[in-house]
Amino acid sequence: MPGSGTGVLAWVAHMGGICGSKFHSLWQAALQERPPDPSGAAGSLVHAMGTCLGVETVEFDRVGPVALFLLDLSSLGFKGMDVNVVMISHPPASEEEARQFADLITDYKHAVKSVGFCFHLVLQWDPPAPNPYISSYVDLIYLCGQDLERLAHSEVPASVLFATIRRQAPLQRLCPFNTTREARGGMFRGRKRELDRLMHDRSTHYVVTGARRIGKTSLLRRAADALRTNREMADRVFYFDCSIWGDFYDCARRLTHTLDARRELRIEESHRNLSYLLERLSYKGKRPLLLFLDECDRLVDYESQTQWPFLRALHEAASYNHVRLTFAGFRSVASLAQGSERLSTYGSPFDRSLERLELSPLTPSETEGLLCDPLRSVDILLRDREAMAHRVQKSSAGHPFLVQFYGERLFQRAVERDPQEATLDDVEAIEGGFELSDFLLKHFLNNTMERGEPQVEEQICTLLLAHADAPHGWTEQDFWQACQRYIPGLSLNTVHRSLANLFHARVLHYENGRYTFTFPLMCRALRQNYPHIEALVAGMRSFLRLDSPENLA
């Protein structure tokens, strides 16, 4: 944290509400503090505001003329609610002080990696003039005495806060759904068992697997962010995106740069320096580092061909309790817990020493909450809530990325109306539109890729099923017979492996010996985008290595 003057302290007092004379006495006391004191009246005012909203103050600090707080507003459920930065100050006395305020809140937001709004509580009664030096990146919302008074007297304080935000931000910016990044704040739903294990079972090393966009990154970031709010854990919890990590020195350099940048150059002197660094930073295992290593498939593929130098170093550190490891990925990463089943050269150093967490879809109640609660939080009326949720659960099979797609489109349709509402007719219109078809097509293509190359056998199997008249799905034998019609040399073993991968990727669903589409509307999307199956498969056949031993019948 920047400028930790008073230290990072947990909220230790429960203040009740901030109503009536209590609010005004707190407000008057805060006005007299120069600078605002996070341990005094200003802090009590913010803590009481948090109590009114039913949320918690995670940390607070004083830097020069301002007090800074972190509020965990994720439970409020609407967009921009995460671990939010709150700055409290008197109005800037000069242009220089206005610049200082802008720099402080920008630095603080960057330091805590918040994706939500920042709030500047200015100690004056009327709304303040905007600070011209605040970047749009900060997503700053101003609060003043009038806003806190309305909050204190409201029966639904969260609605008052939302109305305050809405006055300062266009409604379109408040769409709570996002299909292009991980779920944060109130948009993170389900996964309670997995989250609890990643946060509290620190003697077990994990590998998190599942289809792309099932929520692996959301889970790892949620666990890391939650652990970092613990005062004793904040300096030893680290999240890494390993999607472009390369050889040993590249991996070690990237890891060291985050853990202790001063030691980065020493890594090239010896492999052992990485081990010494992890030993030192963990105080010889007394305070192990919690490392969350995401998007590890490329890393695993590279390491498997070079005798695992980087992962062997991590395995050694784990054996001495210097680190607690959590890996996540789509395909190859699962092999870390399964020996050399998918890896061609050397067996994984973590052979059967990692516990695998396979992420499943959301339950119907979790799907309903993810779809409906955020819409309601932005005052969009849902005319057919139960029917809408049931329809989306059936179409999405409980996959968060697709539920968010429906929510985003429902939001877009509702904000164009007066009154702003969404109905079952909107769900039907979304399902009949080209955007959903394109969205499902991209999912199919992304999940039939490995190491940057299309998995042609998997794509052919899926397209053959899409063009078949098979309302109850196909058996493995049905797939093989269909493939034989177009590709006589393709082996049953190749078909079996392709179907297993398609099931893992949630492209296909398997039940009672038959495969069907996980998402019912994907069949239509594939038929619309690939109408000529014979010509398509003939063209794809040239990409198959039919002379490979694993493809020979």
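Predicted model, so just to flag it, every value in this text is computed and none were measured.

Here is what the cut-offs are and how they apply
Residues numbered from 1 in each chain as written. Predicted model: local features only at pLDDT ≥ 70, side-chain atom pairs only at ≥ 80, totals over all residues. Heavy atoms only, no water. Helix = DSSP H or I, 4+ residues; strand = E, 2+ residues; numbered from the N terminus. Rg over C-alpha atoms; globule rule 2.2 N^0.38 Å. Buried < 20%, exposed > 50% of the residue type's maximum accessible area, 1.4 Å probe, protein only. Contact = heavy atoms within 4.5 Å. Areas by Shrake-Rupley, 256 points an atom, 1.4 Å probe, with all protein chains shown as cover. Lys, Arg positive; Asp, Glu negative; His and termini not counted. Charge placed at Lys NZ, Arg CZ, Asp CG, Glu CD. Pairing = 2+ DSSP bridges. Axes fitted to C-alpha atoms, helices over the stretch in contact; angles between N-to-C directions. Salt bridge = Lys/Arg side-chain N within 4 Å of Asp/Glu carboxyl O. pLDDT = per-residue confidence, 0-100. Arc of directions from axis to C-beta. Phe/Tyr/Trp six-rings, centres within 6.5 Å; stacked < 30°, edge-to-face > 60°.

1. What to know about the overall build of the protein
Right, on to step 1. Of regular secondary structure, the protein possesses 21 helices and 16 strands.
Right, on to step 2. Relative to the 2.2 N^0.38 estimate, which gives 24 Å for 553 residues, the radius of gyration of the protein is 27 Å and therefore close to what a compact globule would have.
Right, on to step 3. The C-alpha extent of the protein, read off along each of the three principal axes, is 85 × 65 × 40 Å.
Right, on to step 4. Burial analysis of the protein (553 residues in total) assigns 54% to the buried set.
Right, on to step 5. Summarising the internal contacts of the protein: among those between residues at least 6 apart in sequence, 68% fall at separations of at least 24.
Right, on to step 6. When the accessible surface of the protein is split by element, carbon and sulfur atoms take 49% of a total near 24600 Å².
Right, on to step 7. Taking the 62 positively charged and 69 negatively charged side chains of the protein as two groups, their mean positions are separated by 2 Å.

2. What about the sheet that holds strand S3 (residues 83-89)?
Right, on to step 1. The strand order S1-S2-S3-S4-S5 describes an open sheet built from 5 strands, whose pairing is mixed. Looking along the sheet, the strands with just one partner apiece sit at the ends: strand S1 (56-63) and strand S5 (140-143). Taking each pair of neighbouring strands and ignoring which way they run, the sheet shows an average axis angle of 20 degrees.
Right, on to step 2. Examined bridge by bridge, strand S2 (residues 66-72) and S3 share 6 bridges and lie antiparallel to one another.

3. Structural notes on the pattern of salt bridges
Right, on to step 1. Taken as a whole and judged by the stated rule, the model has 30 salt bridges.
Right, on to step 2. In this structure, Glu450 and Arg331 form a salt bridge, with 3.2 Å as the shortest nitrogen-oxygen distance. One end of the pair, Glu450, is in strand S13 (residues 449-450); the other, Arg331, is in the loop between strand S9 (323-329) and strand S10 (355-358), and 119 residues separate them in sequence. Of the two residues, Glu450 and Arg331, both sit in the buried class.

4. Some points on unusual backbone geometry
Right, on to step 1. Following Arg34, the chain continues into Pro35 via a peptide bond in cis, with omega recorded as -5 degrees.
Right, on to step 2. The residue Pro35 is located in the loop between helix H1 (20-32) and helix H2 (41-53) in this model.
Right, on to step 3. Even without a glycine there, the phi angle at Glu295 is positive, about 55 degrees.
Right, on to step 4. Its location among the elements puts Glu295 in the loop between strand S8 (289-294) and helix H10 (297-304).
Right, on to step 5. When its relative accessible area of 37% is taken as the criterion, Glu295 is described as partly exposed.

5. Digging into the confidence of the model for the protein
Close reading of the predicted structure is inappropriate where its pLDDT is low.
Right, on to step 1. In the predicted model, the protein carries a mean pLDDT of 87, and 93% of its residues have values of at least 70.
Right, on to step 2. The low-confidence segment residues 1-17, where pLDDT is below 50, has 44 contacts with residues more than four positions distant or belonging to other chains.

6. So, helix H11 (residues 309-319)
Right, on to step 1. What H11 keeps buried is the set Phe310, Leu311, Ala313, Leu314, Ala317 and Ala318. Buried positions in H11, seen along its axis, are confined to an arc of 155 degrees and lie on one side of it.
Right, on to step 2. On the buried face of H11, the contacting elements are helix H8 (248-260), helix H9 (272-281), S8, H10 and S9.
Right, on to step 3. Where H11 terminates, the next one or two residues include Asn321, which has phi positive at roughly 65 degrees.

7. Quick notes on the packing of aromatic side chains
Right, on to step 1. Enumeration over the complete set of coordinates arrives at 17 aromatic pairs.
Right, on to step 2. Both rings, one in Phe248 and one in Phe310, keep their centres 6.4 Å apart while their planes meet at 65 degrees; by these two values the pair is edge-to-face. With Phe248 in helix H8 and Phe310 in helix H11, the pair connects residues that are 62 residues apart, well separated along the chain.
Right, on to step 3. Overall, Phe248 belongs to the buried group, its relative accessible area being 5%.
Right, on to step 4. The class for Phe310 is buried, based on a relative accessible area of 0%.

8. Points about the environment of Asp196
Right, on to step 1. As for its position among the elements, Asp196 is in helix H6 (residues 192-200).
Right, on to step 2. Of the residues examined, Asp196 reaches a relative accessible area of 42% and is grouped as partly exposed.
Right, on to step 3. Sequence separation of Asp196 and Ala334 is 138 residues, and the distance between their C-alpha atoms is 21 Å.

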